[in-house]
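Structural description and commentary
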Amino acid sequence: MAGGGIVRDFWMFLKTEKKWWLLPLVLLLVGIGVLIAFLESSALAPFIYPFF
C-alpha cells in the first residue's frame, strides 16, 4: 500500500476486519490527547490536572 498513512491503514483495517467498535475508542483517545496538549499550554492547566 504505497502512499498510505496510519489513518488510511487504520481505516482499511476497520473495513476488512469489521472492527467498527474501535473507531469511537480511538477518536476518544485522540480527542483527550489533543485536549491535554491544548490545555497544557494555557492558564487552565492547574485546574485540569486534578481530574487526571
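So, here's what we can say about the structure.

**A few points about the overall build of the chain**
Across its full length, the chain carries three helices and zero strands. Starting at the N terminus and ending at the C terminus, the chain contains elements arranged as α-α-α. Here the chain, with 52 residues, has 8% of them falling under the buried criterion. Of the roughly 4600 Å² that the chain leaves accessible, carbon and sulfur atoms contribute 75%.

**Comments concerning the packing of aromatic side chains**
The final tally for this structure, using the stated rule, is one aromatic pair. Their ring planes at 65° and their centres at 5.5 Å tell us that Trp11 and Trp20 sit as a pair that is edge-to-face. Here Trp11 falls in the partly exposed class, since its relative accessible area comes to 43%. Assessed through its relative accessible area of 39%, Trp20 is described here as partly exposed.

**Things to note about helix α1 (residues 6–17)**
Helical periodicity: at 3.6 residues per turn, an α-helix aligns residues three or four positions apart in one direction. With twelve residues, α1 ought to run about 16 Å at 1.5 Å a step, and its terminal C-alpha atoms sit 16 Å apart, in line with that. Residue Lys18 follows α1 closely and has a positive phi angle near 55°.

**A closer look at unusual backbone geometry**
Phi angles above zero are rare outside glycine, and Lys18 is one such case at about 55°. Topologically, Lys18 is positioned in the loop between α1 and α2 (22–40). Residue class for Lys18 comes out exposed when judged on its relative accessible area of 59%.

**Some words on the packing of α1 against α2**
Relative orientation of the contacting elements α1 and α2 amounts to 155°, with a least axis distance of 11 Å. Taken together, the axes of α1 and α2 lie roughly antiparallel to each other. Counting all contacts with α1, which are made through Phe10, Phe13 and Leu14, the residues of α2 involved are Leu22, Leu23 and Val26. Of the residues assigned to the contact of α1 with α2, the class counts are six nonpolar, no polar and no charged.

Basis of the calculations
- Residues numbered from 1 in each chain as written.
- Predicted model: local features only at pLDDT ≥ 70, side-chain atom pairs only at ≥ 80, totals over all residues.
- Heavy atoms only, no water.
- Helix = DSSP H or I, 4+ residues; strand = E, 2+ residues; numbered from the N terminus.
- Buried < 20%, exposed > 50% of the residue type's maximum accessible area, 1.4 Å probe, protein only.
- Areas by Shrake-Rupley, 256 points an atom, 1.4 Å probe, with all protein chains shown as cover.
- Phe/Tyr/Trp six-rings, centres within 6.5 Å; stacked < 30°, edge-to-face > 60°.
- Expected span 1.5 Å × (residues − 1).
- Axes fitted to C-alpha atoms, helices over the stretch in contact; angles between N-to-C directions.
- Parallel < 35°, antiparallel > 145°, perpendicular 65-115°, else oblique.
- Contact = heavy atoms within 4.5 Å.
- Nonpolar A, V, L, I, M, F, W, Y, C, P; charged D, E, K, R; others polar.

By themselves, these figures tell us nothing about what the structure is for.
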